[in-house]
Amino acid sequence: QQQQQRRQGSTSELAPGVAEEADLISTPTPMTPTDSSALPTMRSPPVPPPFHTSVSPDRLPVPRELLQFYRQMTDPASLKNIDIEILRQCAYSMPAVVWTLQRHHWDEVRDTYEQLAVCDDWKVRLSLAHSIHIVAQILGREITERDLVPRFDCFLKDWDEVRIGLVRHLSSFLRVISPAFRKPYLSVLHEIKNADDMYQWRFRQELADQLCLLCEQYSVRDVYVFMCPLALSLANDAIACVRASANRLFAVLTSRMFKAKAMTWTDSFAESINEYARHLSAVFRQSFVGACHHLMRLVPGDFFADRFGASLLSLMTDRVVNVRLVVARVVSQVALPEYLASRPEMLAQFQAGMERLREDPDGDVRLYASRGVGEIADPNGDLAMRDYTQRS
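As the structure is a computational prediction, the values presented were derived from the model and not from experiment. (Residues numbered from 1 in each chain as written. Predicted model: local features only at pLDDT ≥ 70, side-chain atom pairs only at ≥ 80, totals over all residues. Heavy atoms only, no water.)

Caption draft 1: Spatial organisation of the pattern of salt bridges. In the structure shown here, the tally under the stated rule is 21 salt bridges. Where Asp158 meets Arg125, a salt bridge forms, and the shortest distance between an N and an O atom there is 2.7 Å. Note that Asp158 is positioned in the loop between α8 (141-155) and α9 (160-168) and Arg125 in helix α7 (residues 122-139), a separation of 33 residues in sequence. By the burial criterion, Asp158 is buried, and Arg125 matches it. We note a salt bridge from Arg324 to Asp360, for which the minimum N-O separation is 2.8 Å. Of this pair, Arg324 sits in helix α19 (residues 321-331) while Asp360 sits in the loop between α21 (344-357) and α22 (363-369), placing them 36 residues apart in sequence. For the pair Arg324 and Asp360, one class covers both residues: buried. Taken together, the shared-partner salt bridges connect Asp107, Arg110, Arg146 and Asp147 into one network. (Salt bridge = Lys/Arg side-chain N within 4 Å of Asp/Glu carboxyl O. Helix = DSSP H or I, 4+ residues; strand = E, 2+ residues; numbered from the N terminus. Buried < 20%, exposed > 50% of the residue type's maximum accessible area, 1.4 Å probe, protein only.)

Right, here's the structure in full:
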């Protein structure tokens, strides 16, 4: 009561309006948990609109003077007085400029793009080649087919440093254009594969990785006629990492044709893959096991058991230790009872084979055959150092 009297006395000395406000602050209204009307209303901040929604298509989103300065950097009349590093930065920033202007104002920088694309400095062309798929996604199909496809074809005939950027993002670029424009590039895939230079193995590796994505953009017939022979050829490559990428490609192409229910082509390709399990070289028999590692993750267990199960079982007793080791690493990471539930006879054979591998004369084979599902980070990778530590 004394505190209330002192509070009233202090507020009575204030002006009437101020005193009323002080009373409201000093004597808050009690609020029950169910009194939602007394809760303060929390308004979320407004979501900013997308970048170009507030800009009219007829209006430049940047000052025209700034755009003019950018275009002047590639003006043929002033190229002699411009440092080459400026041109490289200009080419590097081209995707950002196109994204800012969007397709409505592509004509503002189209000539600039063409000037950079024919620049004598290969690093300028390299930047454009590595980013042409991004520019195509911004501009859309119509402009890409009209302006970027001819430039893409020119880059394909450029230096290797420039071409590797196209191959690395080939599927992203071809996804933008129509099937009619996409079909002729099947022959380009063979040109990339037929490079005889051993130093161009990166092209073949990138090609194998891109084929895994391109198979969804072409018809099943094109996959069987054009891509399956490429996959078989890449699997015979002299470089190990190219063969490893081809193993994954085997599984992707098989899954693509299987899902399309093209069983005649699927069975034909599966038989070609099985040839590697009977190859005289242990290297290619290991490649078959690597392909099975990816197949068991992409195709149903009954399909795998019928087409590849017998070949994989035969390699459990291979005379080469490295082949048995790879089989132990791969099969041990598959939940066989669930994967082969529809094929109990095949399941029993695999389980018996794994029991034999657990008693193999080689210690490495015994180690990996005794591992459980999930205990090996990468069944196709190299032996981990901790594995040697555990054995010692």
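We are not done yet, so read on.
Caption draft 2: Local environment of the side chain of Asn274. Summarising the element assignment, Asn274 is placed in helix α16 (residues 263-274). Asn274 sits in the buried class, given a relative accessible area of 4%. Not counting residues up to four positions away in its chain, the partners in contact with Asn274 are Phe288, Arg307, Phe308 and Ser311. (Contact = heavy atoms within 4.5 Å.)

Caption draft 3: How the structure looks around the side chain of Ser245. Mapped onto the fold, Ser245 is located in helix α15 (residues 240-259). What makes Ser245 buried here is its relative accessible area of 9%. The contact partners of Ser245, leaving out residues within four places of it in the chain, are Gln205, Ala208 and Asp209.

Caption draft 4: Focus on the packing of aromatic side chains. Within the structure shown, the criterion is met by 12 aromatic pairs. Here the aromatic rings of Phe152 and Phe173 are separated by 4.2 Å at their centres, their planes lie at 0°, and the arrangement is stacked. Placement of the pair is Phe152 in helix α8 and Phe173 in helix α10 (residues 170-174), with a sequence separation of 21 residues. The class of Phe152 is buried, set by a relative accessible area of 0%. On the accessibility criterion, Phe173 (0% relative accessible area) is buried. Seen from their ring centres, Phe250 and Tyr276 are 5.7 Å apart, and the 50° between their planes marks the pair as tilted. Pair noted here: Phe250 is in helix α15 and Tyr276 is in the loop between α16 and α17 (282-295), with a separation of 26 residues, a long-range link. (Phe/Tyr/Trp six-rings, centres within 6.5 Å; stacked < 30°, edge-to-face > 60°.)

Caption draft 5: Inspection of the confidence of the model for the protein at higher detail. For the protein, per-residue confidence averages 83 on the pLDDT scale, and 78% of positions sit at 70 or higher. Across residues 10-54, where pLDDT falls below 50, the model places 14 contacts with residues more than four positions away in sequence or in other chains. Within the model, the stretch residues 379-392 combines pLDDT values under 50 with 25 contacts to residues more than four positions away or in other chains. (pLDDT = per-residue confidence, 0-100.)

Caption draft 6: Quick look at unusual backbone geometry. Positive phi, normally seen in glycine, also occurs at Gln102, with a value near 65°. Within the secondary structure, Gln102 is located in the loop between α5 (94-101) and α6 (110-117).

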